[in-house]
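Spelled out from the first residue to the last, the chains are:
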Amino acid sequence: MTTTPTRTMASRVKSIFSGSIGNLVEWYDWYIYSAFALYFAPAFFPKGNQTAQLLNSAAIFAVGFLMRPLGGWLLGLYADRRGRKAALLLSVLLMCAGSLLIALTPGYASIGVLAPVMLVVARLLQGLSVGGEYGTSATYLSEMADQKNRGFFSSFQYVTLIAGQLVALLVQLGLQALLTAEQLHAWGWRIPFVIGAAAAVVALFLRQHMEETDAFVQADKPGAPTPEQAESKLRVLLRYPREVLTVVCLTLGGTIVFYTFTTYTQKFLVNTAGFSKDQATLVSFGALAVAMVLQPVVGALSDRVGRRPVLLAFGVGATLGTVPLLTALGHAGSSWEAFGLLVIAMLIMSGYTAINAVVKAELFPTEIRALGVGLPYALTVAIFGGTAEYVALLAKQHNVEVWFYWYVTACASISLVTYLRMADTRHTSRMNQV
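No experiment lies behind these values; they were computed from the predicted model shown.

1. A look at the overall build of the protein
The helix and strand inventory of the protein stands at 23 helices and zero strands. For the protein, with 434 residues in total, the buried portion stands at 61%. Across the protein, the fraction of contacts at a sequence separation of at least 24, relative to all contacts at a separation of at least 6, is 87%. Carbon and sulfur atoms form 69% of the exposed surface of the protein, whose accessible area is close to 15,900 Å².

Set out below in structure tokens:
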């Protein structure tokens, strides 16, 4: 990747930090929905058993994912035309609006069916935001990093993504300590959404002071338009079918495993393993903290040994380890046993999460990179990642929970085949040609 002489390591780190903190806030806002679903589900839906209420909230969680492809497309186009910085500013504004709407919406007892309708609208806004955030953020961090440390710096996308989950759980732990269960169910669950909306304003300020990437600035210089600039971006993207299919298959197993062992785990520990809500929150928090630390380590490793060996380690581990890990987790006899099993899962998962952003960014040229990364990724996550929790709860409700374990395994095996067939993007990267 060609850079200007004035780009120093200090300026790279400053911009990456600003972008990453904004990413943390966005993912905090996204994940507090899942973290507090156990508390707000009864407020938005008619009375029923816990699994039925969780199914309803999981269905709306999945609906939010349906907007992610649209967000990946619209904000990807915007990022490739107007700049990475402009798209990142827009995405955080959308997330702020969604969180504020959830915080202020009255419950089902007050406004009836309008309550879940408003919840859907809020999740659609957040889905649009997150759909655009991923591709643009992955592109920004990859382009801002120097070539030798691209895997390391790009890993901070998932460092802050996981940190967003951790902050959500930390807020939950704090509220569980300060408020009674009755208070949390009645009104306490609204507090984290207010915090999220306020934090988004801070993220907006930080992102206003980010630098634009050299790759975009150089590609956007005045002069004769390139073929990519002269025709529809979507049409240009269709000229890269192999790369698009690679992103889809690369993402498939990774997103299923990620949402199974992070977002869904807390409910799994309560609903299947029999842990209390407080225990489940603590175990999830500890495992995610380990995962966050692993990201830059694995990212740096990929800068030394290549992307493909790291992806293969994930593919093999997820294909062979999902069924035994979930089976053992469902029968865990203590919090420490559950924590140990989840740490193994996080170690396997990090082979995908730490480097998937940079691998996808390295597949596409500058003019189409944000859209190429964001759109196929968002489509795959919407179909598989967004529905993972719902599929798991549905299998649980019909007493065939083990079917979900094999479903995750099958998706991971498809990604493994992709990793076996693809070249190592560290050596073939189109970013090196910009």
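Let's pick the thread back up.
2. Structural notes on helix α22 (residues 401-421)
Here α22 spans 32 Å end to end across 21 residues, near enough to the 30 Å set by a 1.5 Å rise per residue. Those residues of α22 that sit buried are E401, F404, Y405, V408, T409, C411, A412, S415, L416, T418 and Y419. Contact partners of the buried residues in α22: α15 (241-261), α16 (265-271), α18 (307-330), α19 (335-353) and α21 (369-397).

3. A short note on the packing of helix α4 (residues 68-82) against α21
Contact geometry of α4 with α21 gives a least axis separation of 8 Å together with a crossing angle of 175°. Judged on the interaxial angle alone, α21 and α4 are roughly antiparallel. Contact residues: R68, P69, G72, W73, G76, L77, A79 and D80 in α4; R369, A370, L371, G374, L375, Y377, A378, L379, V381 and A382 in α21.

4. Quick notes on the nonpolar core
Among the nonpolar cores identified, the biggest contains 107 residues, and F36, F40, W189 and Y259 are the most heavily contacted of them. By residue number, the principal contributor to this core is α21, which donates ten residues. In this structure, I16, L88, Y140 and F153 belong to the second largest nonpolar core, which totals eight residues.

5. Structural notes on the pattern of salt bridges
Under the definition given, this model contains five salt bridges. Notably, a salt bridge pairs R307 with D303, separated by 2.9 Å at the nearest N-O pair. In this structure, R307 and D303 share a single accessibility class: buried. With its nearest N and O atoms 2.9 Å apart, the salt bridge here joins R307 to E362. You can see R307 sitting in helix α18 and its partner E362 sitting in the loop between α20 (356-361) and α21, a full 55 residues away along the chain. Salt bridges here are not isolated pairs; linked through shared partners, they connect R150, D303, R307 and E362.

6. Describing the packing of aromatic side chains
Summed over all chains, the structure comprises 14 aromatic pairs. A ring pair is formed by W189 and F193, whose centres lie 6.2 Å apart and whose planes are at 80°; its orientation type is edge-to-face. Each member of the pair, W189 together with F193, is buried. Centroid distance W336 to F339: 5.9 Å. Interplanar angle 90°. Geometry classified as edge-to-face. Here F339 and W336 lie together in helix α19, a separation of three residues that amounts to about one turn. W336 sits in the exposed class, given a relative accessible area of 70%. Through pairs of rings, three or more aromatic residues link up here, namely Y264, F268, F404, Y405 and Y407. Note that K277 overlies the ring of Y39, its terminal NZ or CZ placed 5.1 Å from the centroid.

7. Digging into the side chain of S415
Its location among the elements puts S415 in helix α22. For S415, a relative accessible area of 0% translates into the label buried. Here C249 takes part through its backbone oxygen, which lies 2.6 Å from a polar atom of the side chain of S415. Not counting the four nearest positions on each side in its chain, S415 is found in contact with C249, L250, T251, L252, G253 and G254.

8. Section: helix α17 (residues 277-305)
Over its 29 residues, α17 extends 41 Å from the first C-alpha to the last, a length consistent with the 42 Å expected when each residue adds 1.5 Å. Roughly 30° is the biggest bend found in α17, and it falls at L294, with proline P296 one to four residues downstream. After α17 finishes, the residue G306 shows a positive phi value of roughly 105°.

9. As for the environment of Y419
Considering the arrangement of structural elements, one finds Y419 in helix α22. Sequence separation between Y419 and L312 is 107 residues, and the spatial gap between their C-alpha atoms is 6.0 Å. The residues contacting Y419, other than those within four sequence positions of it, are L250, R308, L311, L312, F314, G315 and Y352. In terms of polar contacts, Y419 uses its side chain to reach the backbone carbonyl oxygen of L250, at 3.0 Å.

10. Quick look at the side chain of T409
By the element assignment, T409 lies in helix α22. Since its relative accessible area comes to 7%, T409 is described here as buried. Those residues within four positions of T409 in sequence are excluded, and the remaining contacts are T319, T322 and V323.

11. Examining a nonpolar patch on the surface
Taken together, the side chains of Y108, V113, L114, V117 and V121 define a hydrophobic patch exposed on the protein surface, amounting to about 410 Å² of accessible area. Sorting elements by how many residues they give to the nonpolar patch places helix α7 (residues 114-144) first, with three residues. For L114, the position within the fold is in helix α7.

Cut-offs applied
Residues numbered from 1 in each chain as written. Predicted model: local features only at pLDDT ≥ 70, side-chain atom pairs only at ≥ 80, totals over all residues. Heavy atoms only, no water. Helix = DSSP H or I, 4+ residues; strand = E, 2+ residues; numbered from the N terminus. Buried < 20%, exposed > 50% of the residue type's maximum accessible area, 1.4 Å probe, protein only. Contact = heavy atoms within 4.5 Å. Areas by Shrake-Rupley, 256 points an atom, 1.4 Å probe, with all protein chains shown as cover. Expected span 1.5 Å × (residues − 1). Axes fitted to C-alpha atoms, helices over the stretch in contact; angles between N-to-C directions. Parallel < 35°, antiparallel > 145°, perpendicular 65-115°, else oblique. Core = buried A, V, L, I, M, F, W, Y, C linked by side-chain atoms within 4.5 Å. Salt bridge = Lys/Arg side-chain N within 4 Å of Asp/Glu carboxyl O. Phe/Tyr/Trp six-rings, centres within 6.5 Å; stacked < 30°, edge-to-face > 60°. Lys NZ or Arg CZ within 6 Å of the ring centre and 35° of its normal. Polar contact = N/O pair within 3.5 Å; in protein donor to acceptor, adjacent residues only side chain to side chain. Bend = angle between axes of the 7 residues up to and from the residue. Patch = residues over 30% accessible without salt bridge, like charges linked within 9 Å, V, L, I, M, F, W, Y side chains within 5 Å.

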